[in-house]
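# Fold and contact review
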Amino acid sequence: MFYSIGKAYYASLVDATEKNLEAHLYSLISEVDFTERGIIMPSSILTPELNNLNSDTYAMIYRDDVPIWHSESAVNVNFVPQYIEPKAGAADFRRVVYNNTAYWQLSLTVILNNIDQSEQARFILLKRNDALLRLMDGFKQTLVDWMFIMGIAIAGLMAIGFIWSARPLQRLDKEIKAIESGDIQEIKGLYPVELQTIKADLNLLLESQQRQKERYRASLSDLAHALKTPLAVLKSSPLANDADAQEQLDRINVMIEHQLKRAATGASDTWKKQTPIKPVIDSILSAMSKVYRDKDIIFNCQVSDKDYFLGDKTDLMELLGNLIDNACKACRSQVSINVSQAKTLSISICDDGPGIKPDKRESLLQRGTRLDTYESGHGVGMAIVSDLVKSYHGLLTISQSQRLGGAKFILEFNYHEKK
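Residues numbered from 1 in each chain as written. Predicted model: local features only at pLDDT ≥ 70, side-chain atom pairs only at ≥ 80, totals over all residues. Heavy atoms only, no water.

## Structural notes on the packing of aromatic side chains
Counting across every chain of the model gives eight aromatic pairs. Their ring planes at 75° and their centres at 5.5 Å tell us that Phe309 and Phe413 sit as a pair that is edge-to-face. With Phe309 in strand E10 (residues 308-310) and Phe413 in strand E14 (residues 407-414), this pair connects stretches of sequence that are 104 residues apart. Residue Phe413 is classed as buried on the basis of its relative accessible area, which comes to 1%. (Phe/Tyr/Trp six-rings, centres within 6.5 Å; stacked < 30°, edge-to-face > 60°. Helix = DSSP H or I, 4+ residues; strand = E, 2+ residues; numbered from the N terminus. Buried < 20%, exposed > 50% of the residue type's maximum accessible area, 1.4 Å probe, protein only.)

## Quick word on the sheet that holds E14
The strand order E9-E11-E12-E14-E13 describes an open sheet built from five strands, whose pairing is mixed. If you trace the sheet from one side to the other, it starts and ends with strand E9 (298-302) and strand E13 (395-400), each paired once. For this sheet, the mean angle separating the axes of adjacent strands, direction not counted, is 10°. Where strand E11 (residues 334-341) and strand E12 (residues 344-351) come together, seven bridges link them in antiparallel fashion. Across the sheet, Ser336 pairs through a bridge with Cys350, a residue of E12. Those strands touched by helix H7 (residues 313-330) are E9, E11, E12 and E14, and its axis lies near 25° from that of E12. Helix-sheet contacts for helix H9 (residues 382-391) involve E13 and E14, and the interaxial angle to E13 is about 135°. (Pairing = 2+ DSSP bridges. Axes fitted to C-alpha atoms, helices over the stretch in contact; angles between N-to-C directions. Contact = heavy atoms within 4.5 Å.)

## Examining the nonpolar core
Counting residues in each nonpolar core, the largest one holds 41 residues, and the members touching the most others are Ile277, Phe309, Leu320, Ile324 and Phe409. Sorting the residues of this core by element identifies helix H6 (277-291), E10, H7, E11, E12, H9, E13 and E14 as the ones contributing at least two each. Among the elements that line this core, the one with the most residues is H7, at seven residues. Ranked by size, the runner-up nonpolar core spans 24 residues in total, among them Leu13, Ile61, Phe93 and Leu112. (Core = buried A, V, L, I, M, F, W, Y, C linked by side-chain atoms within 4.5 Å.)

## Describing the pattern of salt bridges
Scanning the model with the defined rule gives 10 salt bridges in all. A salt bridge links Arg128 to Asp130, with the shortest nitrogen-to-oxygen separation between them at 2.8 Å. The class of Asp130 is partly exposed, set by a relative accessible area of 28%. Residues joined by salt bridges that share partners form a network here, namely Glu49, Asp56, Lys127 and Arg134. (Salt bridge = Lys/Arg side-chain N within 4 Å of Asp/Glu carboxyl O.)

## Remarks on the environment of Phe309
According to the relative accessible area criterion, Phe309 is buried, its value standing at 0%. The spacing of Phe309 and Leu345 is 36 residues in sequence and 7.7 Å in space, taken between C-alpha atoms.

## Comments concerning the packing of H7 against H9
At a minimum axis distance of 9 Å, the contact between H7 and H9 shows a crossing angle of 140°. Taken together, the axes of H7 and H9 are oblique relative to one another. In this structure, H7 meets H9 at a crossing whose hand is left-handed. Note on element contacts: H9 touches H7 through Met382, Ile384, Val385, Leu388 and Val389, opposite Asp315, Glu318, Leu319, Asn322, Leu323 and Asn326. For the contact of H7 with H9, the per-class residue count stands at seven nonpolar, two polar and two charged. (Parallel < 35°, antiparallel > 145°, perpendicular 65-115°, else oblique. Left-handed = near helix turned anticlockwise from the far one by under 90°. Nonpolar A, V, L, I, M, F, W, Y, C, P; charged D, E, K, R; others polar.)

## Describing the environment of Leu112
Looking at the element boundaries, Leu112 is found in strand E6 (residues 101-113). Considered as a pair, Leu112 and Asp33 are 79 residues apart in the sequence and their alpha carbons are 9.2 Å apart.

## Thoughts on the pairing of E12
Of all eight residues in E12, seven are buried; the element is thus mostly enclosed. Hairpin connection of E11 to E12: two residues between the antiparallel strands. Across seven bridges, E12 lies against E14 in antiparallel orientation. Counted as the bridge partner of Thr344 is Asn414 from E14.

## Considering helix H1 (residues 2-31)
Between its first and last C-alpha atoms H1 spans 43 Å; for 30 residues at 1.5 Å apiece the expected length is 44 Å, and the two agree. Those residues of H1 lying buried are Gly6, Leu13, Val14, Thr17, Leu21, His24, Leu25, Ser27, Leu28 and Glu31. (Expected span 1.5 Å × (residues − 1).)

## Focus: a nonpolar patch on the surface
On the surface, a nonpolar cluster with roughly 480 Å² of combined accessible area is contributed by Trp146, Phe148, Ile149 and Ile152. Summarising the element assignment, Ile152 is placed in helix H3 (residues 129-180). (Patch = residues over 30% accessible without salt bridge, like charges linked within 9 Å, V, L, I, M, F, W, Y side chains within 5 Å. Areas by Shrake-Rupley, 256 points an atom, 1.4 Å probe, with all protein chains shown as cover.)

## A closer look at helix H4 (residues 193-236)
Residues three or four positions apart in an α-helix share a direction because the helix packs 3.6 residues into each turn. For H4, built from 44 residues, the straight-helix expectation of 64 Å at 1.5 Å per residue is met to within 8% by its first-to-last C-alpha distance of 65 Å. For H4, every residue scored as buried is listed here: Leu195, Lys199, Leu202, Asn203, Leu206, Gln209, Lys213, Leu220, Ala224 and Leu231.

## Remarks on the pairing of strand E7 (residues 118-128)
Most of E7 sits out of view: eight of its 11 residues are buried. Pairing of strand E3 (residues 57-63) with E7, which is carried by six bridges, proceeds in the antiparallel orientation. Looking at the pairing, Thr57 lines up with Lys127 of E7.

## Considering the packing of H1 against H3
Relative orientation of the contacting elements H1 and H3 amounts to 145°, with a least axis distance of 10 Å. In the crossing of H1 with H3, the sense of the turn from one axis to the other is right-handed. Contacts from Phe2, Ile5, Gly6, Tyr9, Tyr10, Leu13, Val14 and Thr17 of H1 reach H3 at Asn129, Leu132, Leu133, Leu135, Met136, Phe139, Lys140, Leu143, Val144 and Met147. Within the contact of H1 with H3, the residues separate by chemical class into 14 nonpolar, three polar and one charged.

## A short note on the side chain of Thr101
Tracing the chain through its elements places Thr101 in strand E6. When its relative accessible area of 18% is taken as the criterion, Thr101 is described as buried. If sequence neighbours within four positions are ignored, Thr101 has contacts with Val96 and Arg128.

Shape descriptors only; they carry no functional weight alone.
This is how it looks when you write it as C-alpha cells:
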C-alpha cells in the first residue's frame, strides 16, 4: 500500500508540474511584445517563480538556436536546453538531465506575427526534479505517520473483534471445565450458529456416554448377582466340604469381585470429573477409626482443600480405601497420609508396621498372585488398586518409609502431561 500510494502521488506531482509549466508558458506568450526590433519581454513578468533568483523554475526563449530572452531565475543556468521538435501544434513535456541534474522540460514553438511581419520563437520552460522529490519526501513522512496510526487503530480493532468473536469459545470452554469438575451435566449456554452443531454433538456424546455407563454398570450388577447365586449353591453343597474345593470356590469368588470392580470403574470415562480429595480421605479415616478402634491408631494427614483427583469419586474411594485399610491392618500405632499437588498429584500412605520385603513388592501387584500369602494386612485389594492406577495412567510404587519404618505406597498422576 505504501509503495502504491507513493507511486500514485509522484505521478500526480508530475502531472501537476506539467499543468503548472503550461500555465507559465501561456502567461509568457501573452506577455510577448513583437515589434520591428524583434521580440521584447517586460523587465518583470507576471509569474513570481520566474522572477526569483533562487527559484527552481526557469524560462527561456530562442529564435532558431539563438537565445533572445531568459527569466531572472535562469541567470545562473550554465547549459543549453535540448530542443525536441514536437508534433505540430503540440507541446513536448518530458524528463531530461543536464549537468547530472534532472529537470522536467516543456517546450513549444510558436509563430509571432503582426501586420508587417511574422517570426518563429521557441519557448522552453524547466522545473528541477528536486522540487518534486522534496514534496515526495514530505508526503512519505506524513504517509508513514498516518499509516502507523492506522496500523495501531486497525490492530486495536482486530484485537477487539477477536476478543468479541472468541467470547462464545471462552463460554464453551468454561462449560466444558464445569462438566469436568462435575458442576453441570450438559452444555446449556446460548451460542452462535457456527457452534450450535458442536454444542449438540457434545451434549449427545455426554448423554450417550452416561446411558452407556448406566447400562454397563446395571449389566455388571446383574452379572454379579447371577454369579453369586450358583456360588452360594456350590458352597452349600457336599463339594464344599472338601478343603481344596472350598479354596477354589473362595478364589473364584475373589476373582469375580475383582474383575467386576475393575470393569465397573469410571477411569475410562472421556469426561473426568475433578473430585476433591480431602472429603474422601476424611470419610475413610472416620470409618477406619471405628473399625480399628482397639488399635487406637494415630492418623497424621496432610491434605489441602484445593487438592483434587481427576476421576470418579468411587474409584478414588476404592484406591485410598484399600491402601489405608491395608496400612491400618499392618501398622502398630501410626498411619501417615500426605497429599501434594503441583504438576503431578502425589499421594503417599505410610505405616509403622513390618513393611514389605523388597523381593515381594513387585509380585504383590501382579495379577493372579494369591493375595493371602503376604504379611498380615498387605495384599488385600492390591490387584484392584494396581489396575485402577494403570487405567488412570498413574504410577504406584512401593518402598519403605524412612520416618515410620513400615511400608510406603506412593500414587502419582501427571495431569500436566495429559493437558
